[in-house]
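A closer look at the structure
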Amino acid sequence: QLLDADVEIVGRTSYCPGVKADKSNVVGSVIDVNIEKIVSLKPDVVFAMELTGKDVVTTLKRFGLNVILYKTPVNFEEICTQFEDMGRIIGKAELAKTITASERVKVKEMKAKIIGKPVKMFFEIGANPLFGVVEGTFMDDYITMAGGVNIMKGMKGGSISREFVIQQNPSVILISDMGMVGREEAAQW
C-alpha cells in the first residue's frame, strides 16, 4: 500500500493491510501458507520472512517462483532497509527511500522529546500462551526508542505467565492484535 502498488498485489497474509473484504487474496498467515494458492496466483515475486519456514520457501522456488526471503528485522533500521529493498525490486526505489527518510526523521524527533527515566513496559504479542517481546527484535527496539525498558530484558524465550508480568509491574502494557483479540486481552489486564 505505501508503495502505491496495491493493485499489483495478488496475495497477502491475513495480517497484511488492505486485505479485501472477501479475503479472496489471503494466502495464509506468515507461518501457515497455502502453497497451492500462491502458485495458482502466478506472482512475479513472493516476499517471505524467516517465520515462513525454509520448506515452504524451497517448495515455492521449485515451482519456479521468484522468492525473496527476508530475515526477521531486529531493529527499526533493518525494517527501513528491507522496505527500500522491496521498493527497488518492484520499481519504486525512490518512493521507498522518500518514505523511509520521512520515518527516520519522525523517529529522531520522537526520541528527542523523551525525557525522564525509562518506563517499564511489557509488549504482548501472543495470548494463548502468553508471549512477550524479547531482546534482539524490532519490537524491543521500539520499546527502547519510546524511552522504555522491556520487562523481558535478558530472557531467552518469550513464553511467560501473567504472574511474571504482574511481578514486574510494568507502567505500560502494549498489546499486538496479530491474530488475537486485543480488546479482550486489554480487558483481562
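Structural notes, computed from the coordinates. (Residues numbered from 1 in each chain as written. Predicted model: local features only at pLDDT ≥ 70, side-chain atom pairs only at ≥ 80, totals over all residues. Heavy atoms only, no water.)

1. Examining the overall build of the protein
Along its length, the protein carries seven helices and eight strands. Principal axes of the C-alpha set define a box for the protein whose edges measure 50 × 35 × 30 Å. Across the 189 residues of the protein, 33% fall into the buried class. In the protein, the proportion of contacts linking residues at least 24 apart, taken out of those at least 6 apart, comes to 45%. When the accessible area of the protein is evaluated, it comes to approximately 11900 Å², of which 56% is carbon and sulfur surface. Considering the protein, the positive charge centre built from 23 side chains and the negative charge centre built from 24 side chains are found 3 Å apart. (Helix = DSSP H or I, 4+ residues; strand = E, 2+ residues; numbered from the N terminus. Buried < 20%, exposed > 50% of the residue type's maximum accessible area, 1.4 Å probe, protein only. Contact = heavy atoms within 4.5 Å. Areas by Shrake-Rupley, 256 points an atom, 1.4 Å probe, with all protein chains shown as cover. Lys, Arg positive; Asp, Glu negative; His and termini not counted. Charge placed at Lys NZ, Arg CZ, Asp CG, Glu CD.)

2. Description of the pairing of strand S3 (residues 46-49)
Alternating residues of S3 divide into Val 46 and Ala 48, all buried, and Phe 47 and Met 49, none buried. Bridge count between S3 and strand S4 (residues 67-70): four bridges; the pairing is parallel. Each bridged residue has a counterpart across the sheet, and for Val 46 the counterpart in S4 is Val 67. After leaving S3, the chain enters helix H2 (residues 54-62) and then returns to the sheet as S4, a path that is right-handed. (Pairing = 2+ DSSP bridges. Right-handed = clockwise from strand over helix to strand, strands pointing away.)

3. Section: the packing of helix H3 (residues 76-89) against helix H4 (residues 93-113)
In the contact formed by H3 and H4, the axes pass within 7 Å of each other and the chain directions differ by 165°. It follows that H3 is roughly antiparallel to H4 by the angle criterion. Of the two possible hands of crossing, H3 and H4 adopt the one that is right-handed. Touching Phe 76, Glu 77, Cys 80, Thr 81, Phe 83, Glu 84, Gly 87 and Arg 88 of H3 are Ala 93, Ala 96, Lys 97, Ile 99, Thr 100, Glu 103, Arg 104 and Val 107, all from H4. Among the residues making up the contact of H3 with H4, the classes are represented as seven nonpolar, three polar and six charged. (Axes fitted to C-alpha atoms, helices over the stretch in contact; angles between N-to-C directions. Parallel < 35°, antiparallel > 145°, perpendicular 65-115°, else oblique. Left-handed = near helix turned anticlockwise from the far one by under 90°. Nonpolar A, V, L, I, M, F, W, Y, C, P; charged D, E, K, R; others polar.)

4. Describing H2
Every buried residue of H2 is accounted for by Val 56, Val 57 and Leu 60. Taken around the axis of H2, the buried residues stretch over an arc of 100°, which confines them to a single face. Exposed and oriented more than 90 degrees from the buried face of H2 are Lys 54, Asp 55 and Arg 62. Turning to H2, the residues buried within the fold contact helix H1 (35-41), S3 and S4. A positive backbone phi angle near 85° is found at Gly 64, which sits one or two residues after H2. (Arc of directions from axis to C-beta.)

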